[in-house]
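Chain by chain, the residues:
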Amino acid sequence: MALSLTLPTASGSLAPYALRGTAPVKPEAGVKFNRIAYSAAHVVADPLAAVDPWLQAAVDWDTTIAYRRHLFSLGLGVAEAMDTAQRGMGLDWPTSLELIRRSLDAAKDVPGALVASGCGTDHLNIDDVKSVDDVIRGYEDQMAAIEALGGKLIVMASRALARVAKSPADYERVYDRILSQAKQPVVLHWLGDMFDPALAGYWGTKDVDAAMDTAVGIIAAHPDKVDGIKISLLDKDKEIAMRRRLPKGVRMYTGDDFNYAELIAGDGFGDEPMHGKSDALLGIFDAIAPAASAALGALAQGNTEKFHAILGPTVPLSRHIFAAPTRFYKTGVVFMAWLNGHQTHFTMVGGQQSTRSLQHFAELFRLADAANLLEQPELAVRRMKTLLALHGVEG
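Now for a description of the structure that goes with this document. Predicted model only: the values in this text are computed from it and were never measured.

Checked against the element boundaries, Leu19 lands in the loop between strand E2 (14-18) and strand E3 (37-40). The class for Leu19 is buried, based on a relative accessible area of 9%. Counting along the chain gives 29 residues from Leu19 to Leu48, while the straight-line C-alpha distance between them is 33 Å. Once you skip the residues sitting within four places of it in the chain, Leu19 turns out to touch Ala2, Leu3, Leu5, Phe365, Asp369, Leu374, Pro377 and Val381.

This is the structure:
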């Protein structure tokens, strides 16, 4: 007999829902990917800590690192402490640095494990930032701390820089300084204002094509210091256009949680091999990790049809999780981790479990089932019923 429960509908009524009963896909062991794939991994809050969640971050370190080990076991790298629902939205810099330290330590036990860590300016009091020089010093502080741990940098987009920069030349000055000092090639990070409104006009203009010119120019001036760039504009055509302009050897890491399947598969066009495909640095890979691993394994074996068959059904779920206001997407990611038994509670750093509605969670549940992503269906139903009961829905 199929598992079932009662869920809210889009009209605000209640209706029975029966699970499909299709087993989740399992990745093949030992397959080497032909794409680099980072997951922007979530942090597990400590629900028993006596803190004010909106003001203080309390982390369950054991469970947080256990989830990173799970990602490593699937062949996925970890993009650490760079997520918009953590940095500047609940997770402060001291806690971020501790997270980076612990993840790097965990990676040492896993041959080939990849960790890249967010380097930003979020420790600065933005009201005290008056100049580009203040921004440079902020980046340098975090850069020195991460590199002292042996970490690879993701140079995050800076709210402080977006606030004080007066022209593209200010961005060029900042990035020239940071890239010139980097001990190993970094990943740059271009985050659209749909993820963070404070980053509107990044690279010195609201014209995306002109902004791209500035970013490409900065990379071209330091190709040996840039491993790649992650862009999260939710516009596949912009990503493809920029991908084809990157210097030889510089990767495009898709951050497009709406169109990642086709961007990773690629189109094969371009003057360089990397111009025709995207690697990945994605928040959604946290929520769909087994499917992402299985799909990437199929792609590495030349089975593009299987790649799309596995990953395609996850795209509607991702588009739902990343629906506007996009900055609240991490709530859906953590909800998935709870449904699938990777943590015992649905509590988040910053109290962000409250940023989405019951209707949103109900649709997320349906889409996760449709994508064969419920790893323990009985547990998922039981936990969904718990959430429903908290909202006054029984049955």
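Our next topic: the sheet that holds E3. One closed barrel accounts for eight strands, arranged E3-E4-E5-E6-E7-E8-E9-E10; its pairing is parallel. Mean inter-strand twist for the sheet, computed between neighbouring axes without regard to direction, equals 25°. Direction of pairing for strand E6 (residues 152-155) relative to strand E7 (residues 186-191): parallel, over a ladder of two bridges. Across the sheet, the residue bridging to Val155 is Leu188, located in E7. The strands that helix H6 (residues 208-221) touches are E7 and strand E8 (226-232); relative to E7, the one it contacts most, it runs at about 170°.

In contact at an axis separation of 9 Å, helix H12 (residues 314-321) and helix H14 (residues 358-370) are set at 165° when each is read in the N-to-C sense. By the criterion of interaxial angle, the relationship of H12 to H14 is roughly antiparallel. The crossing of H12 and H14 is left-handed. Facing Pro316, Leu317, His320 and Ile321 of H12, the residues of H14 in contact are His360, Glu363, Leu364, Leu367 and Ala368. Here the residues of the contact of H12 with H14 are counted per class, giving six nonpolar, two polar and one charged.

Taken as a whole, this structure holds 20 salt bridges when the rule is applied. With a shortest N-O distance of 2.6 Å, Arg101 and Glu98 are connected by a salt bridge. Placement of both Arg101 and Glu98 in helix H2 (residues 93-107) is noted, with a separation of three residues, approximately one turn of the helix. The shortest N-O distance in the salt bridge between Asp213 and Arg245 comes to 2.9 Å. Within this pair, whereas Asp213 is found in helix H6, its partner Arg245 is found in the loop between helix H7 (236-243) and strand E9 (251-254), the two being separated by 32 residues in sequence. When its relative accessible area of 38% is taken as the criterion, Arg245 is described as partly exposed. Sharing partners across several salt bridges, the network here consists of Glu98, Arg101, Arg102, Asp105 and Lys108.

Now for the pairing of E8. When you tally the buried positions in E8, you get seven out of seven residues, the bulk of the element. Regarding the hand of the β-α-β motif, the stretch spanning E7, H6 and E8 is right-handed. The pairing of E8 with E9 spans four bridges and is classified as parallel. If you follow Gly228 over to E9, its bridge partner there is Arg251. In this region the chain leaves E8, passes through H7 and returns to the parallel neighbour E9; the handedness of that crossover is right-handed.

Criteria and cut-off values
- Residues numbered from 1 in each chain as written.
- Predicted model: local features only at pLDDT ≥ 70, side-chain atom pairs only at ≥ 80, totals over all residues.
- Heavy atoms only, no water.
- Helix = DSSP H or I, 4+ residues; strand = E, 2+ residues; numbered from the N terminus.
- Buried < 20%, exposed > 50% of the residue type's maximum accessible area, 1.4 Å probe, protein only.
- Contact = heavy atoms within 4.5 Å.
- Pairing = 2+ DSSP bridges.
- Axes fitted to C-alpha atoms, helices over the stretch in contact; angles between N-to-C directions.
- Parallel < 35°, antiparallel > 145°, perpendicular 65-115°, else oblique.
- Left-handed = near helix turned anticlockwise from the far one by under 90°.
- Nonpolar A, V, L, I, M, F, W, Y, C, P; charged D, E, K, R; others polar.
- Salt bridge = Lys/Arg side-chain N within 4 Å of Asp/Glu carboxyl O.
- Right-handed = clockwise from strand over helix to strand, strands pointing away.

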